[in-house]
Amino acid sequence: MKHTLTASGISISYQDEGDKNAPVIILIIGLGAQFTVWPESLYFGLVEKGFRVIRFDNRDAGLSTSLDELGKPSLVKHWLSRRLPIRAKLPYSLDDMARDVKELMDALNIKKAHLVGASMGGMIAQIAAAKYKKRVLSLTSIMSSSSPLSFSGSNINLLVKLAKIRPRSSNKEAAIDYNVRLNQLIGSPAYPQDEHALYANAERYIARAHTNQTGFKRQLAAIAATPYREQLLKKIKAPTLVIHGSADPVMPLSAGINTALLIKRSKLRVVPGMGHDFPPALMKKMTKWIAKHAHKVSAKKAAKNKALNT
C-alpha cells in the first residue's frame with residue numbers, strides 16, 4: 001500500500017500493480033468503502049490481462065485523508081437544497097472527488113487512464129469522464145446512476161432495514177457483524193455469498209481501517225447535493241460500458257438503463273440476479289467484460305497513433 005499527496009492536499013492511499021508501461025485502469029469505489037472492497041480476483045485478474053491497475057481510498061474513507069475539520073453535514077438540508085431555496089454548507093462535492101482522481105493521475109504521472117467506478121465511484125467516474133475528456137480513455141460504470149439518490153418504496157424499505165442492523169456500539173465485533181449483515185442485505189439474490197467468507201472478509205476489512213462515520217456522511221451529502229447529471233453525461237465522449245444487476249436493491253436497474261441511454265454509443269450489460277455487490281461467482285465474467293472493453297479502446301488508440309506517425 002502506498003500514499004501520495006494531491007495538489008489539493010488530500011493524502012490518497014492506493015495500490016498500484018502491473019507493468020508500469022501497460023494501459024492504466026483506475027478503480028473507483030463507492031460510498032464509505034475502502035478500496036479493498038474491489039475483489040482480489042477482479043483486481044489481479046485485470047493485471048493478468050495486461051493492465052496496470054490502481055485502486056485507492058476516496059477522501060474520508062479507509063487510509064486516505066479524513067476531513068473531520070469540515071464537520072458533520074445535515075443530509076436532509078442537502079437533499080432539500082436541490083428542490084427548495086435552502087442553503088446548506090456542503091463540505092465537498094462529487095466534482096471535488098472527481099478532481100481527486102485527476103490529481104491522483106497527475107501525482108503518478110499518468111496521462112490517460114481507463115476509469116472503472118462502482119456505485120458512488122461510478123458517479124465520480126462519470127463526472128471525471130465528462131470534465132477531463134482528454135485524460136479518460138474509457139469509462140465503465142457499475143451499479144451506479146446518472147441521478148442523485150431518490151426515495152422510492154424499495155429504497156425506504158432498504159433504509160428501514162439498514163437502520164435495524166446499525167451497530168449499537170463502536171467496538172470491533174459490532175463493526176464486523178454490521179459489515180456482514182450489510183453485505184447480506186444488499187447482496188445478489190442469485191449469488192448468495194458464504195457467511196464464513198463474509199466474516200473473514202469483514203475481519204480483514206475492519207482490521208485495515210474502521211469506517212469513518214462522519215466521513216461517510218460527508219460523502220453521502222456530496223451525493224445528496226449533486227444535481228441530476230443529464231447534460232453532463234451527454235458530454236461524455238469516452239467509450240462507455242454500463243454494468244448493472246437486475247436485482248440491485250440500492251440502485252434499481254432503471255438507473256443503469258438511464259445512464260446508458262444518456263451516454264452516446266454506450267453499451268449496457270444487465271446481469272440477471274446481481275445485487276449491489278461483487279459476487280465471487282461473477283468476477284471472472286466481470287473481469288473479462290472490463291478487460292475486453294478497455295483493450296478494444298487501447299487497440300484503437302494505438303492504431304490511430306501508428307497511422308499518424310507513418
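Residues numbered from 1 in each chain as written. Predicted model: local features only at pLDDT ≥ 70, side-chain atom pairs only at ≥ 80, totals over all residues. Heavy atoms only, no water.

**A closer look at the overall build of the protein chain**
In terms of regular secondary structure, the protein chain is built from 11 helices and eight strands. Against the globule reference of 19 Å for 310 residues, the protein chain gives a C-alpha radius of gyration of 19 Å, in line with a compact fold. Per-residue burial for the protein chain yields a buried fraction of 50% across its 310 residues. For the protein chain, the proportion of contacts with a sequence separation of at least 24, taken over those separated by at least 6, is 77%. About 14800 Å² of surface is accessible on the protein chain, with carbon and sulfur atoms providing 56% of the total. Put simply, the protein chain has 47 plus and 22 minus side-chain charges, and the middle of one group is 11 Å from the middle of the other. (Helix = DSSP H or I, 4+ residues; strand = E, 2+ residues; numbered from the N terminus. Rg over C-alpha atoms; globule rule 2.2 N^0.38 Å. Buried < 20%, exposed > 50% of the residue type's maximum accessible area, 1.4 Å probe, protein only. Contact = heavy atoms within 4.5 Å. Areas by Shrake-Rupley, 256 points an atom, 1.4 Å probe, with all protein chains shown as cover. Lys, Arg positive; Asp, Glu negative; His and termini not counted. Charge placed at Lys NZ, Arg CZ, Asp CG, Glu CD.)

**Details of a positive patch on the surface**
Taken together, the side chains of Lys49, Lys267, Lys284, Lys288, Lys292, Lys296 and Lys300 define a basic patch exposed on the protein surface. A total of five residues in the positive patch trace back to one element, the largest contributor, which is helix H11 (residues 283–308). Within the element layout of this structure, Lys300 appears in helix H11. (Patch = residues over 30% accessible without salt bridge, like charges linked within 9 Å, V, L, I, M, F, W, Y side chains within 5 Å. Salt bridge = Lys/Arg side-chain N within 4 Å of Asp/Glu carboxyl O.)

**As for a nonpolar patch on the surface**
A cluster of nonpolar side chains, Ile257, Leu261, Leu268 and Val270, forms an exposed patch at the surface whose accessible area comes to about 330 Å². Contributing elements (two or more residues each) for the nonpolar patch: helix H10 (253–262) and strand S8 (267–271). Following the sequence through the fold, Val270 ends up in strand S8. Overall, Val270 belongs to the partly exposed group, its relative accessible area being 35%.

**Description of helix H3 (residues 94–107)**
Given a rise of 1.5 Å per residue, 14 residues ought to cover 20 Å, and the 20 Å separating the end C-alpha atoms of H3 matches this to within 8%. Along H3, the residues classified as buried are Leu94, Asp96, Met97, Ala98, Asp100, Val101, Glu103, Leu104 and Met105. Where H3 begins, the side chain of Ser93 points an oxygen toward the backbone nitrogen of Asp95, at a separation of 3.2 Å. Within two residues after H3, Asn109 carries a phi angle of roughly 55 degrees, on the positive side. (Expected span 1.5 Å × (residues − 1). Polar contact = N/O pair within 3.5 Å; in protein donor to acceptor, adjacent residues only side chain to side chain.)

**Observations concerning unusual backbone geometry**
For Ser119, which is not glycine, the phi dihedral falls at a positive 60 degrees. Residue placement: Ser119 occurs in the loop between strand S5 (113–118) and helix H4 (120–131). Positioned with a positive phi, Arg265 is a non-glycine residue whose angle comes to about 60 degrees. Relative to the assigned elements, Arg265 resides in the loop between H10 and S8.

**Quick notes on the packing of H3 against H4**
Interaxial distance between H3 and H4 falls to 8 Å at its minimum, and their mutual angle equals 75 degrees. In terms of orientation, H3 and H4 fall into the roughly perpendicular class. Residues Leu94, Asp95, Met97, Ala98 and Val101 of H3 form the contact with H4, whose participating residues are Met120, Met123, Ile124, Ile127, Ala128 and Lys131. Looking at the contact of H3 with H4, its residues break down into nine nonpolar, no polar and two charged. (Axes fitted to C-alpha atoms, helices over the stretch in contact; angles between N-to-C directions. Parallel < 35°, antiparallel > 145°, perpendicular 65-115°, else oblique. Nonpolar A, V, L, I, M, F, W, Y, C, P; charged D, E, K, R; others polar.)

**Some words on the pattern of salt bridges**
Oppositely charged side chains can pair when the atoms bearing their charge come close. This model, assessed by the stated rule, comprises 14 salt bridges. Arg59 is paired through a salt bridge with Asp100; the nearest N and O atoms lie 2.7 Å apart. Of this pair, Arg59 sits in the loop between strand S4 (52–56) and helix H2 (75–80) while Asp100 is found in helix H3, placing the two residues 41 residues apart along the sequence. Each member of the pair, Arg59 as well as Asp100, is classed as buried.

**Overview of the pairing of strand S6 (residues 136–142)**
Judged by how many residues are buried, S6 sits mostly within the fold: seven of seven residues are covered. Pairing analysis gives six bridges linking S5 to S6, with the strands arranged parallel. Counted as the bridge partner of Gly117 is Ser141 from S6. The handedness of the S5 to S6 crossover, carried by H4, is right-handed. As paired elements, S6 and strand S7 (residues 240–245) share four bridges and run parallel to each other. Of the residues in S7, the one forming a bridge with Ser141 is Val242. (Pairing = 2+ DSSP bridges. Right-handed = clockwise from strand over helix to strand, strands pointing away.)

**Re the sheet that holds strand S2 (residues 11–17)**
Strand pairing in a sheet is mediated by backbone hydrogen bonds. Such pairs are either parallel or antiparallel. Ordered in space as S1-S2-S4-S3-S5-S6-S7-S8, the eight strands form an open sheet in which the pairing is mixed. For this open sheet the edge positions go to strand S1 (2–5) and S8, each flanked by a neighbour on one side alone. Here the strands of the sheet are splayed against their neighbours by 25 degrees on average, with no regard to which way each runs. Of the strand pairs in this sheet, strand S3 (residues 24–28) and S4 are connected by five bridges, and their pairing is parallel. Looking at S4, one finds that Ile28 is bridged to Phe56.

**Digging into the environment of Ala33**
If you trace the backbone, Ala33 turns up in the loop between S3 and helix H1 (40–48). Counting along the chain gives 25 residues from Ala33 to Asn58, while the straight-line C-alpha distance between them is 8.1 Å. If sequence neighbours within four positions are ignored, Ala33 has contacts with Ala61 and Tyr205.

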